[in-house]
Amino acid sequence: MQTLRYDIAAPRAAGGTRPIALVGVVASGNLEVLLERGGPADRCTIEIATTAQGFDDLWAAVTADVVAARGGGGLRIAINDGGARPDTVALRLAQGIRLIEEPDA
């Protein structure tokens, strides 16, 4: 198991009022993303637990692209990877940021 950690500059803070959000499920070829508020409004921290070795640069690029496009400042994100492809990672991160930005239910 490999753990990757990224601290990414965010163009804007995540909106909304939900304190946490969870999207995805760890299963063959997928991943689980847990988002919670906390931290500076101009930073997004991401921690990834994955069994796939040697993809550090790809993870860095995908997470930086999503944060640049969607914001996410003030969020701490934990990803449990089950072998997801980069497009699935981007989709789940975008879904998670959108969900946490919704009004608290």
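See the structure shown above.
Quantities reported herein were computed from a predicted structural model and do not represent experimental measurements.

### Describing the sheet that holds strand β3 (residues 31-37)
Item 1. If you walk across this open sheet you meet the five strands as β1-β4-β5-β3-β2, and the pairing is mixed. Strand pairing shows two members of the sheet lacking a second neighbour, β1 (2-9) and β2 (20-24), which therefore form its edges. Within the sheet, the average angular offset between the axes of one strand and its neighbour, ignoring direction, is 15 degrees.
Item 2. Direction of pairing for β3 relative to strand β5 (residues 75-81): antiparallel, over a ladder of seven bridges. Following the sheet pairing, L34 is matched in β5 by A78.
Item 3. Across the face of the sheet, helix α1 (residues 56-70) comes into contact with β1, β4 (43-50) and β5 while running at roughly 35 degrees to β1.

### Regarding the pairing of β4
Item 1. Where β1 meets β4, eight bridges bridge the pair, whose relative direction is antiparallel. What sits directly across from Y6, in β4, is I46.
Item 2. The parallel pair β4 and β5, bridged by α1, forms a crossover whose chirality is left-handed.

Procedures and definitions
- Residues numbered from 1 in each chain as written.
- Predicted model: local features only at pLDDT ≥ 70, side-chain atom pairs only at ≥ 80, totals over all residues.
- Heavy atoms only, no water.
- Pairing = 2+ DSSP bridges.
- Helix = DSSP H or I, 4+ residues; strand = E, 2+ residues; numbered from the N terminus.
- Axes fitted to C-alpha atoms, helices over the stretch in contact; angles between N-to-C directions.
- Contact = heavy atoms within 4.5 Å.
- Right-handed = clockwise from strand over helix to strand, strands pointing away.

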